[in-house]
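Here are the chains, one letter per residue:
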Amino acid sequence: LDISSNGRITVNTTKIYSDDQINYMNDFINDFKNKNINLSMNTWDKIRVFHDYIINNTKYDTNKKYESYNAFNLITSGVSICGGYSDIMSIYLNSLGIKNYRITSENHIWNLVEVDGIWYHLDATWDDPVASDGNQYLLHNFFMISTEQLLNLDKVEHMNDIERTSTTN
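Residues numbered from 1 in each chain as written. Predicted model: local features only at pLDDT ≥ 70, side-chain atom pairs only at ≥ 80, totals over all residues. Heavy atoms only, no water.

Chemist: Could you clarify how one ought to interpret helix H4 (residues 82–95) in this entry?
Modeler: Each full turn of the α-helix corresponds to 3.6 residues, which orients residues three or four apart in the same direction. The end-to-end C-alpha distance of H4 is 20 Å, a good match for the 20 Å that 14 residues give at a rise of 1.5 Å each. With eleven of 14 residues buried, H4 is to be regarded as a mostly interior element. For H4, the set of buried residues is Cys-82, Gly-83, Gly-84, Tyr-85, Ser-86, Asp-87, Ile-88, Met-89, Ser-90, Tyr-92 and Leu-93. Note on H4: the residue one or two positions beyond its end, Gly-97, has a positive phi of about 75 degrees. (Helix = DSSP H or I, 4+ residues; strand = E, 2+ residues; numbered from the N terminus. Expected span 1.5 Å × (residues − 1). Buried < 20%, exposed > 50% of the residue type's maximum accessible area, 1.4 Å probe, protein only.)

Chemist: Is there a simple way to explain the nonpolar core in this structure?
Modeler: Burial of nonpolar side chains together is a common tendency in soluble globular proteins. Within the largest apolar cluster, 24 residues are counted, with the highest numbers of intra-cluster contacts made by Ile-47, Phe-50, Ile-88, Val-113, Leu-122 and Met-144. Mapped onto this core, the elements with two or more residues apiece are helix H1 (19–36), helix H2 (43–56), helix H3 (71–77), H4, strand S6 (109–115) and strand S7 (118–122). Per element, the largest residue contribution to this core is five residues, and it comes from H4. Setting aside residues no more than four positions away along its own chain, Leu-122 makes contact with Ile-47, His-51, Met-89, Trp-110, Asn-111, Val-113, Phe-142, Phe-143 and Met-144. Ranked by size, the runner-up nonpolar core spans six residues in total, among them Trp-110, Leu-112, Phe-142 and Leu-150. (Core = buried A, V, L, I, M, F, W, Y, C linked by side-chain atoms within 4.5 Å. Contact = heavy atoms within 4.5 Å.)

Chemist: I keep staring at the packing of H1 against H4 and nothing clicks. Help me out?
Modeler: For any two helices packed against each other, the geometry comes down to the angle between their axes and how far apart the axes lie. Where H1 contacts H4, the axes come no closer than 10 Å and their chain directions differ by 60 degrees. Here the hand of the crossing between H1 and H4 comes out right-handed. Each of Met-25, Ile-29, Phe-32 and Lys-33 in H1 lies in contact with H4, whose residues at this interface are Ile-88, Ile-91, Tyr-92 and Ser-95. Of the residues assigned to the contact of H1 with H4, the class counts are six nonpolar, one polar and one charged. (Axes fitted to C-alpha atoms, helices over the stretch in contact; angles between N-to-C directions. Left-handed = near helix turned anticlockwise from the far one by under 90°. Nonpolar A, V, L, I, M, F, W, Y, C, P; charged D, E, K, R; others polar.)

Chemist: Whenever I open this one, H1 confuses me. Can you help?
Modeler: With 18 residues, H1 extends 26 Å between its outermost C-alpha atoms, agreeing within 8% with the 26 Å of an ideal straight helix rising 1.5 Å per residue. Listed in full, the buried residues belonging to H1 are Gln-21, Met-25, Phe-28, Ile-29, Phe-32 and Lys-33. Along H1, the residues classed as buried sweep out an arc of 130 degrees about the axis, all on the same side. Residues of H1 that are exposed and point more than 90 degrees away from the buried face comprise Asp-20, Asp-27, Asn-34 and Lys-35. Contacts from the buried residues of H1 go to H2, H3 and H4. (Arc of directions from axis to C-beta.)

Now the structure itself:
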């Protein structure tokens, strides 16, 4: 962001994904939907099947060796950190026409999802724990939960600056 002496504002943006990467991800999402979504599924089922697929096919990048902060790397390498999990979930939700936002705290990113006029938190990263025994686990502790439930589970990584301000005053 640059502001000149005459008040003219210039915003410089950088694309996270190339056009080829966007096309690849859209093809991936469309292929997933064609194979896994059917007319008898409700919105929750459609969200859960993708949530579970991502967790079952992704490992958290504890070494941060890869470009694991984005959705493209998640679907091409199966390795990611929270940015990749929340990005791919948002791309998928958008493809279904489901309103959602990516929520950030100082050190973490997850999704906020609206279903039937109610907002829920969805944190696929925390539902894909790094286990000391080396096994992959699929959890649903952070799947479509209320803000109250989220903060009962974790008040450190999931508390954004607005919540910190309002709870400390």
